[in-house]
Amino acid sequence: MRNPPHAGQGDLFAKAVFESREAAPMLDVDRFRLRIKGAMSAAITNRNLDRHAIASDMARALNAPGLSKAMLDAYTSPAKDQDITLVRFKAFARAIDAPELWDVAVSDDGLLVLRGDEARLAEIARLQQEQRAIGAKLKQLRSVPVNISREER
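What counts and how
- Residues numbered from 1 in each chain as written.
- Predicted model: local features only at pLDDT ≥ 70, side-chain atom pairs only at ≥ 80, totals over all residues.
- Heavy atoms only, no water.
- Buried < 20%, exposed > 50% of the residue type's maximum accessible area, 1.4 Å probe, protein only.
- Helix = DSSP H or I, 4+ residues; strand = E, 2+ residues; numbered from the N terminus.
- Contact = heavy atoms within 4.5 Å.
- Salt bridge = Lys/Arg side-chain N within 4 Å of Asp/Glu carboxyl O.
- Axes fitted to C-alpha atoms, helices over the stretch in contact; angles between N-to-C directions.
- Parallel < 35°, antiparallel > 145°, perpendicular 65-115°, else oblique.
- Nonpolar A, V, L, I, M, F, W, Y, C, P; charged D, E, K, R; others polar.
- Patch = residues over 30% accessible without salt bridge, like charges linked within 9 Å, V, L, I, M, F, W, Y side chains within 5 Å.
- Areas by Shrake-Rupley, 256 points an atom, 1.4 Å probe, with all protein chains shown as cover.
- Left-handed = near helix turned anticlockwise from the far one by under 90°.
- Phe/Tyr/Trp six-rings, centres within 6.5 Å; stacked < 30°, edge-to-face > 60°.

(A) Broad picture of helix 3 (residues 69–76). Three or more residues of helix 3 are buried, namely L72, A74, Y75 and T76. Elements that come into contact with the buried residues of helix 3 comprise helix 1 (29–47), helix 2 (51–62) and helix 4 (86–95).

(B) Local environment of the pattern of salt bridges. Throughout the structure, instances matching the rule amount to 11 salt bridges. Among the salt bridges present, the one from R33 reaches D83, with a minimum N-O distance of 2.7 Å. With a gap of 50 residues between them, R33 in helix 1 and D83 in the loop between helix 3 and helix 4 connect regions that are remote in the sequence. The exposure class assigned to R33 is partly exposed, which follows from its relative accessible area of 21%. On the accessibility criterion, D83 (38% relative accessible area) is partly exposed. Each of D30, R33 and D83 takes part in a single network of salt bridges with overlapping partners.

(C) The packing of helix 1 against helix 3, seen in detail. Contact pair helix 1 / helix 3: the axes reach a minimum separation of 7 Å and the direction vectors enclose 125 degrees. Here helix 3 runs oblique to helix 1, going by the angle between their axes. The residues of helix 3 that touch helix 1, namely those facing K37, M40, S41 and I44, are L72, A74, Y75 and T76. Of the residues in the contact of helix 1 with helix 3, the class split is five nonpolar, two polar and one charged.

(D) Here's a closer look at a nonpolar patch on the surface. On the surface, I134, L138 and L141 cluster together into a nonpolar patch covering about 270 Å² of accessible area. Inspection of the secondary structure assignment puts L141 in helix 6 (residues 118–142). In this structure L141 comes out as exposed when scored by relative accessible area, which is 52%.

(E) Structural context of the packing of helix 2 against helix 4. Axis separation between helix 2 and helix 4 bottoms out at 9 Å; the angle between their running directions is 125 degrees. Accordingly, the angle class assigned to the pair helix 2 and helix 4 is oblique. Every pair of crossing elements has a handedness; the one defined by helix 2 and helix 4 is right-handed. Within the contact between the two elements, helix 2 uses I54, D57, M58 and L62 and helix 4 uses V87, R88, A91, F92 and A95.

(F) Spotlight on the packing of aromatic side chains. Enumeration over the complete set of coordinates arrives at one aromatic pair. Ring centres 4.9 Å apart and planes at 90 degrees place the aromatic pair F89 and W102 in the edge-to-face group. Taken together, the positions of F89 in helix 4 and W102 in helix 5 (residues 100–106) put the pair 13 residues apart, joining distant regions of the chain.

Note that all results are geometric; they support no functional claim without further evidence.
In structure tokens:
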């Protein structure tokens, strides 16, 4: 077993919190459908939620009294071809407090969902990268002597 890292030392073997992604060259609809259905189903199971209550919350949020547990079951069953609409997906993610589902939805496009202050952290990193590039350019310019050809008067 490895020794734990010092408090101020990074762990080279730790998984990146915000992994870098690349877009899939083509949309595999069947694979995407199964990933969404599986992620939705797992989110319900992991939270130990009642499907009737979820459907009721979604129906209320969408002003769609016809939305039922049977529809929710169809949205989450890999055996059913019933796909959830974007609006219903959003209501579902909110009803069960599962914003991570958005990340599942966009990951095949090389995208990563940031929540709240995570976006500010990404902006800080972008600005630091820009700052390093400017510093490197300044260093390059300073490395060559400046010959002043004017005479003092």
